[in-house]
Each structure stands twice: as C-alpha cells, then as structure tokens.
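# Working through the structure, step by step
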Amino acid sequence: QVPLVESGGGLVQAGGSLRLSCTASVRTFGNYVMGWFRQAPGKEREFVAGISWGGGTTNSADAVKGRSTISRDNAKNTVYLQMNSLKPEDTAVYYCAAVLGTVTALRTRGPDSWGQGTQVTVSS
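Residues numbered from 1 in each chain as written. Predicted model: local features only at pLDDT ≥ 70, side-chain atom pairs only at ≥ 80, totals over all residues. Heavy atoms only, no water.

A word on the nonpolar core. Most often, soluble globular proteins have nonpolar side chains that are buried together. Among the nonpolar cores identified, the biggest contains 36 residues, and Leu 4, Met 34, Trp 36, Val 79, Leu 81 and Tyr 94 are the most heavily contacted of them. The element best represented in this core is strand β9 (residues 92-99), accounting for 6 residues. In this view, Val 79 contacts Leu 20, Ser 21, Cys 22, Phe 29, Met 34, Trp 36, Ile 51, Ile 70, Ser 71, Arg 72 and Cys 96; residues no more than four positions away in its chain are not counted. (Core = buried A, V, L, I, M, F, W, Y, C linked by side-chain atoms within 4.5 Å. Buried < 20%, exposed > 50% of the residue type's maximum accessible area, 1.4 Å probe, protein only. Helix = DSSP H or I, 4+ residues; strand = E, 2+ residues; numbered from the N terminus. Contact = heavy atoms within 4.5 Å.)

See below:
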C-alpha cells in the first residue's frame with residue numbers, strides 16, 4: 001500500500017479548468033504506474049487517465065481525451081491531472097491510484113493503492 005494524498009478539487013463553472021495533484025509517501029515513487037479514477041454519484045468508479053513510471057506512456061479515457069493531461073514529477077513524488085473545458089458530467093470524486101505494473105494493468109485490473117479522493121464539482 002502506498003499512501004496517496006490528493007488535492008486541487010473544488011467547484012468550477014463549466015468550461016473552466018482544474019489541476020489535481022497527488023503526492024505519494026514512498027521512496028520508490030518512480031517505480032509506480034500512477035493514475036486517476038473518478039466516481040460520480042450512483043455510478044461505478046471509472047478510469048480517467050494513467051501514466052507510466054517514467055512518464056513516457058499515458059492513456060486516458062475517451063470521456064476526457066483531448067481535455068485532460070496527466071503528468072508526473074518523480075522528484076516531487078507527485079502526479080497531476082490537468083483538466084480543461086470541464087463539463088457538468090465531469091462532476092465526481094477523483095481518486096489517485098498507484099500500481100506496480102503497466103498502464104494497461106492499471107486500467108483493466110485496477111490499482112493496488114487508492115487515495116482518499118477529492119471532490120470536483122462542475123456547475124452549468
């Protein structure tokens with residue numbers, strides 16, 4: 001288990017932007033594939049984006065493709081999710097996630113560790 005702490009959520013108007021951050025308390029952060037999931041009320045948790053340990057491979061869900069960018073700074077043990085052109089349907093609790101493996105594994109099997117989540121609310 002990797003302790004993960006998210007920040008950066010909040011209330012934003014449709015069309016606005018937010019940047020979520022997630023910091024991991026682990027010495028070997030660079031070994032982990034990192035990602036973001038989200039869960040809207042009444043819906044299942046879904047994959048949003050993932051990034052490989054070195055940042056060279058990223059993958060994002062169709063729902064956010066072209067509007068979001070995942071990145072990481074291994075020197076700061078932090079992964080980011082920049083979201084632009086936000087829509088009301090992006091409203092959800094966003095969870096940081098970590099796994100030892102691949103971005104594909106993160107997306108298909110899920111992570112080994114979860115953060116506590118940060119609320120993103122997009123008003124119309």
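The next subject is the pattern of salt bridges. Applying the stated criterion to the full structure yields 4 salt bridges. In this structure, Lys 65 and Asp 62 form a salt bridge, with 3.5 Å as the shortest nitrogen-oxygen distance. Linking Arg 67 and Asp 90 is a salt bridge whose minimum nitrogen-to-oxygen distance equals 2.8 Å. Here Arg 67, found in the loop between β6 (58-60) and β7 (68-73), pairs with Asp 90, found in the loop between β8 (78-83) and β9; they are 23 residues apart in sequence, far enough to count as distant. In the salt-bridge network here, residues are joined through shared partners; they are Arg 38, Glu 46, Arg 67 and Asp 90. (Salt bridge = Lys/Arg side-chain N within 4 Å of Asp/Glu carboxyl O.)

The next point concerns the state of the cysteines. By definition, a disulfide links two cysteine residues through a covalent bond between their sulfur atoms. Across all of its chains, the model carries 1 disulfide by this definition. The disulfide partner of Cys 22 is Cys 96, and the gap between their sulfur atoms is 2.1 Å. Looking along the S-S bond of the Cys 22-Cys 96 disulfide, the torsion reads about -85°, which is the left-handed sense. Taken together, the residues Cys 22 in strand β3 (residues 18-24) and Cys 96 in strand β9 connect sequence positions 74 residues apart. This pair shows no difference in class: Cys 22 is buried, exactly as Cys 96 is. (Disulfide = S-S within 2.5 Å.)

Mapped onto the elements of the fold, Ser 113 is located in strand β10 (residues 113-114). Judged by its relative accessible area of 2%, Ser 113 falls in the buried class. Among the polar contacts made by the side chain of Ser 113, one reaches the main-chain amide nitrogen of Val 2 at a distance of 2.7 Å. Among residues more than four places away in sequence, those in contact with Ser 113 are Gln 1, Val 2, Leu 4, Cys 96, Ala 97 and Ala 98. (Polar contact = N/O pair within 3.5 Å; in protein donor to acceptor, adjacent residues only side chain to side chain.)

Under the counting rule described, the total for this entry stands at 3 aromatic pairs. Ring geometry for Phe 37 against Trp 114: centres 5.0 Å apart, planes inclined by 75°, an arrangement best described as edge-to-face. With Phe 37 in strand β4 (residues 33-39) and Trp 114 in strand β10, the pair connects residues that are 77 residues apart, well separated along the chain. The exposure class of Trp 114 is partly exposed, given its relative accessible area of 34%. Three or more aromatic residues link up through ring pairs in this structure, and these residues are Phe 37, Phe 47, Tyr 95 and Trp 114. The aromatic ring of Tyr 95 is capped on one face by Arg 45, whose charged end is 3.7 Å from the ring centroid. Lying over the aromatic face of Trp 114, Arg 45 brings its terminal NZ or CZ to 4.4 Å of the ring centre. (Phe/Tyr/Trp six-rings, centres within 6.5 Å; stacked < 30°, edge-to-face > 60°. Lys NZ or Arg CZ within 6 Å of the ring centre and 35° of its normal.)

Along the chain, Ser 60 falls in strand β6. On the accessibility criterion, Ser 60 (16% relative accessible area) is buried. Setting aside its immediate chain neighbours within four residues, Ser 60 contacts Phe 47, Val 48, Ala 49, Lys 65 and Arg 107.

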